[in-house]
Every structure is written in C-alpha cells, then in structure tokens.
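Residues per chain are reported as follows:
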Amino acid sequence: MLGPAAPAEAHAQSQAEATHCKIRITGEKVAVRMPQGDAKVARPDSPVVRYVHRGDVIRNNFCLIARGRTMSGPLYRKCDKDGYNWYIVVGGQVPVTCAKRVK
C-alpha cells in the first residue's frame, strides 16, 4: 500500500521528466565545443570536447540555446547551413544547424 507521500513523489517525478529535453544530432559527425575563456557562446575554433554522430540523442535538463551574432555575416557554416546559435548540451555546445529538438 502506498503512503501519503506517494502522490507527491509521483508528481515530482513527472515534473522532472517534463523538464528534460532531447536533442537529436542530424549532422554526420558533429563536434561538441566548449566556449573559450569567459565567452558564453562557442565559436568554430573553440576546443572540441567530444564528437557526436547522426542519430545520437543528447538528454539535457532544459533546451537552452546560446545566441551568437556577428556584424559581418554568420558565425559558422556547419552541416551545409549558416548559423549563429548553439544548443547547450552536457559538456559544451553543438551547432543548431546540426541538431534538432525532439519531443
């Protein structure tokens, strides 16, 4: 028999599951990059932490995007697309153009 705390525990667990975010990698081989120094946004020349591959799913607590802008055009060209923004994932950032949020 479940005690009085069981409904509260079930609610907390369902809330935790609802906040998880899944990012599916769409590029062939994608570098997870760490922003350098105190930068908030990775750059194409930022250090590579690891590689992920097409079909990999990265779970995160929240779907956060680091927004990068330049005055002279796109910040990067990855997976045959120009882009500015990066998904923040465990251990670094991946280009938004090489990944897709899944439900």
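Shown above is the structure to which this text applies.
Overview of the structure.

### Here's the deal with the overall build of the protein chain
And step 1. Of regular secondary structure, the protein chain possesses one helix and 10 strands.
And step 2. Along the protein chain, helices and strands appear, N-terminal first, in the series α-β-β-β-β-β-β-β-β-β-β.
And step 3. Among the 103 residues that make up the protein chain, the fraction classed as buried is 30%.
And step 4. Sequence separation of at least 24 residues holds for 55% of the intrachain contacts in the protein chain that already meet a minimum separation of 6.
And step 5. Taken as a whole, the protein chain presents about 7,100 Å² of accessible surface, with 54% of it coming from carbon and sulfur.

### As for the pattern of salt bridges
And step 1. The tally for this structure, following the rule as stated, stands at three salt bridges.
And step 2. As a salt-bridge pair, Arg43 and Asp45 come within 3.8 Å of each other at their nearest N and O atoms.
And step 3. For Arg43, a relative accessible area of 42% translates into the label partly exposed.
And step 4. Residue classification places Asp45 among the exposed residues on the basis of a relative accessible area of 52%.
And step 5. A salt bridge links Asp82 to Arg77; the nearest nitrogen and oxygen atoms lie 3.0 Å apart.

### Some points on the pairing of strand β9 (residues 92–95)
And step 1. The alternating pattern of β9 places Gly92 and Val94 on one face and Gln93 and Pro95 on the opposite face, and all of these are buried.
And step 2. Of the strand pairs in this sheet, strand β8 (residues 86–89) and β9 are connected by four bridges, and their pairing is antiparallel. Residue pairing in the sheet places Trp86 in a bridge with Pro95 of β9.
And step 3. Taking the residues that link successive antiparallel strands as the turn, the β8-β9 hairpin has two residues, and the phi of Gly91 there is positive, at about 90°.

### A word on the nonpolar core
Soluble, globular proteins show a tendency: their nonpolar side chains are buried together.
And step 1. Counting residues in each nonpolar core, the largest one holds 12 residues, listed as Cys21, Ile23, Ile25, Val30, Val32, Val52, Ile58, Tyr87, Val89, Val94, Cys98 and Ala99.
And step 2. Secondary structure elements with two or more residues in this core: β1 (21–25), β2 (29–33) and β8.
And step 3. The element best represented in this core is β1, accounting for three residues.
And step 4. Setting aside residues up to four positions removed in sequence, Val52 forms contacts with Ile25, Glu28, Lys29, Val30, Val32 and Ile58.
And step 5. Ranked by size, the runner-up nonpolar core spans six residues in total, among them Val41, Ala66, Leu75 and Trp86.

### Let's talk about the state of the cysteines
And step 1. Enumeration according to the criterion identifies two disulfides in this entry.
And step 2. Shown here is the disulfide that connects Cys21 with Cys63, its sulfur atoms set 1.5 Å apart. Judged by the sign of its S-S torsion, about 60°, the cystine formed by Cys21 and Cys63 is right-handed. Residue Cys21 is located in strand β1, and its partner Cys63 is located in the loop between β4 (57–60) and β5 (65–66); the two are separated by 42 residues in the primary sequence.
And step 3. What makes Cys21 buried here is its relative accessible area of 3%.

Cut-offs and rules
- Residues numbered from 1 in each chain as written.
- Predicted model: local features only at pLDDT ≥ 70, side-chain atom pairs only at ≥ 80, totals over all residues.
- Heavy atoms only, no water.
- Helix = DSSP H or I, 4+ residues; strand = E, 2+ residues; numbered from the N terminus.
- Buried < 20%, exposed > 50% of the residue type's maximum accessible area, 1.4 Å probe, protein only.
- Contact = heavy atoms within 4.5 Å.
- Areas by Shrake-Rupley, 256 points an atom, 1.4 Å probe, with all protein chains shown as cover.
- Salt bridge = Lys/Arg side-chain N within 4 Å of Asp/Glu carboxyl O.
- Pairing = 2+ DSSP bridges.
- Core = buried A, V, L, I, M, F, W, Y, C linked by side-chain atoms within 4.5 Å.
- Disulfide = S-S within 2.5 Å.

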